[in-house]
Amino acid sequence: MHEISIIYSILTMIEESAKENGIKKVSKIKLVIGTERLVMPEALYFAFEQLKREPIEQDAILEMEERIGRDLYIDYFEGE
Amino acid sequence: MKQITLKHQILQGNQKIAEKNRKVLRDHSVYMINLMSSPGAGKTSFLEYSLRFLKKHVEIGVIEGDVATTLDAERIASSGVEVVQINTHGACHLDAQMISSVLGSFDLNKLDLLIIENVGNLVCPAEFDLGENLRVAMLSTTEGADKVTKYPTVFEYAHAVILNKIDLLPYVNFGLDGFLGALQDLNPKVPIFQVSALSGEGMESWIKWLLERKEGNCL
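Residues numbered from 1 in each chain as written. Chains lettered and ligands numbered in written order. Predicted model: local features only at pLDDT ≥ 70, side-chain atom pairs only at ≥ 80, totals over all residues. Heavy atoms only, no water.

(A) Quick look at the overall build of chain A. A tally of helices and strands in chain A yields two helices and three strands. N-terminal to C-terminal, the α/β element order of chain A is α-β-α-β-β. Relative to its length of 80 residues, chain A is compact, with a C-alpha radius of gyration of 12 Å against a globular reference of 12 Å. Based on the C-alpha atoms only, the size of chain A along its principal axes is roughly 35 × 20 × 15 Å. (Helix = DSSP H or I, 4+ residues; strand = E, 2+ residues; numbered from the N terminus. Rg over C-alpha atoms; globule rule 2.2 N^0.38 Å.)

(B) Broad picture of the nonpolar core. Residues and elements named next belong to chain B. Counting 30 residues, the largest nonpolar core has Phe46, Leu54, Ile60, Leu113, Ile115, Trp206 and Leu210 as the members making the most contacts within it. Secondary structure elements with two or more residues in this core: strand S2 (31-36), helix H2 (43-54), strand S3 (60-66), strand S5 (113-117), strand S6 (134-140), strand S7 (160-164) and helix H8 (203-218). Per-element tally for this core: the top contributor is H8, with six residues. When neighbours within four sequence positions are excluded, Phe46 is seen to be in contact with Leu35, Met138, Ile162, Val195, Ala197, Met203 and Trp206. (Core = buried A, V, L, I, M, F, W, Y, C linked by side-chain atoms within 4.5 Å. Buried < 20%, exposed > 50% of the residue type's maximum accessible area, 1.4 Å probe, protein only. Contact = heavy atoms within 4.5 Å.)

(C) Main features of the interface of chain B and chain A. Each partner contributes to the interface: chain B provides 23 residues, whereas chain A provides 26 residues. Of the roughly 2,400 Å² buried between chain B and chain A, counting both surfaces, carbon and sulfur atoms make up 57%. Area buried by chain B at its contact with chain A is led by Ile4(B), Ile10(B) and Glu127(B), which between them contribute 29% of it. Across the contact surface, chain B and chain A share two salt bridges. For Arg37(A), the salt bridge is made with Glu127(B), and the minimal N-O distance between the two is 3.0 Å. Run the count over chain B and chain A and you get 13 residue pairs in polar contact (both at pLDDT 80 or more). Those elements giving two or more residues to the side of chain B that touches chain A turn out to be strand S1 (2-9) and helix H6 (152-156) of chain B. A per-element tally of the side of chain B that touches chain A places S1(B) first, with eight residues. Relative to S1(B), strand S3 (residues 72-79) of chain A runs antiparallel, the two being bridged by six bridges. Within S1(B), the position partnered with Phe77(A) by the bridge is Ile4(B). (Buried area = accessible area lost by both parts, 1.4 Å probe. Salt bridge = Lys/Arg side-chain N within 4 Å of Asp/Glu carboxyl O. Polar contact = N/O pair within 3.5 Å; in protein donor to acceptor, adjacent residues only side chain to side chain. Pairing = 2+ DSSP bridges.)

(D) Structural detail: the side chain of Glu57(A). Residue and element names in this part refer to chain A. You can see Glu57 is positioned in the loop between helix H2 (41-51) and strand S2 (61-67). Buried and unpaired, Glu57 has Arg53 as its nearest opposite-charge partner, separated by 8.4 Å. Ignoring any residue separated from it by four or fewer positions in sequence, one finds Glu57 in contact with Leu11, Glu15, Leu51 and Lys52. (Lys, Arg positive; Asp, Glu negative; His and termini not counted.)

(E) Up close: empty space enclosed by the protein. All names here are of chain B. What the rule picks out here adds up to one cavity of 30 Å³ or more. The computed volume of the largest cavity comes to approximately 50 Å³. Every residue along the wall of the largest cavity is listed here: Ile33, Leu35, Phe46, Leu47, Ser50, Leu54, Ile115, Val136, Trp206 and Leu210. Taken together, the elements giving at least two residues each to the lining of the largest cavity come down to S2, H2 and H8. Counting residues per element, the lining of the largest cavity draws most heavily on H2, at four residues. Residues that form the lining of the largest cavity fall into these classes: nine nonpolar, one polar and no charged. (1 Å grid on protein atoms, 1.4 Å probe; cavity = no way out; pocket = protein on both sides within 12 Å on 5 of 7 lines; lining within 4 Å. Points joined across faces, edges and corners; volume = space filled by probe spheres on them. Nonpolar A, V, L, I, M, F, W, Y, C, P; charged D, E, K, R; others polar.)

(F) Structural context of the pattern of salt bridges. Residue and element names in this part refer to chain B. Evaluation of the coordinates by the stated rule reveals 17 salt bridges over all chains. Where Lys23 meets Asp27, a salt bridge forms, and the shortest distance between an N and an O atom there is 2.9 Å. Here Asp27 and Lys23 lie together in helix H1 (residues 12-27), a separation of four residues that amounts to about one turn.

Such coordinate-based values are descriptive only and should not be taken to indicate function.
This is the structure:
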């Protein structure tokens, strides 16, 4: 239900960390989603495609892993 | 190619603000309750009834969350309790920042109890810690007993569960045993209060429990 705000905060965190680590182009973002978090992966993919505007994340792909529990975090991202 | 490990919780922004709220309230000895249910379960009627008794014992403030209008705030204000309305303009839940931004509207030094009536929704509010001490989930008999298993999170992490509109039990097809059994599976220790905010049945034990719980927390 709040997938757009989740993607928005993911992109903010990625942009910040990419800048810190000297990454100009992000190629992959890997998320871990707890099965109890009521988050719909399809809606996350959709929100991600709509919201990735900055050149830094434009070509990035989103990968998700479901795990039992209440986790909801960015595992890692790749880029150069 | 570089790989950066983050392991950052995505809603950590909300969590941080919630912890801040919790600290501000603890510093002022204010106990905060987050009341959640679907629209129409009877949160406002339940609050109105509770306030009549609670306000004899403690100083209360209420935060009303709704998508639009100040209808609920007006109802609560007529109970003679200080109330602030948050209109989310479409958002389906309150978050910690919204609470943080209205805490200043209350004189926290005078307050003992702050009750948040969340936006009517059984899904999203369960995801957002507001800095509360007590999460209360409400279901009403007209909604059906299966809602506990269909919307588990809000019930699983509740500190108390209210079943409202029990005066309608003879007229609606509500599986009370199924409801209690589902809660037993999800949240075995949670106290369950079967009440009618209309007739007042069962309200006394809820109010007594709440006051005791609040006292225990503030000691």
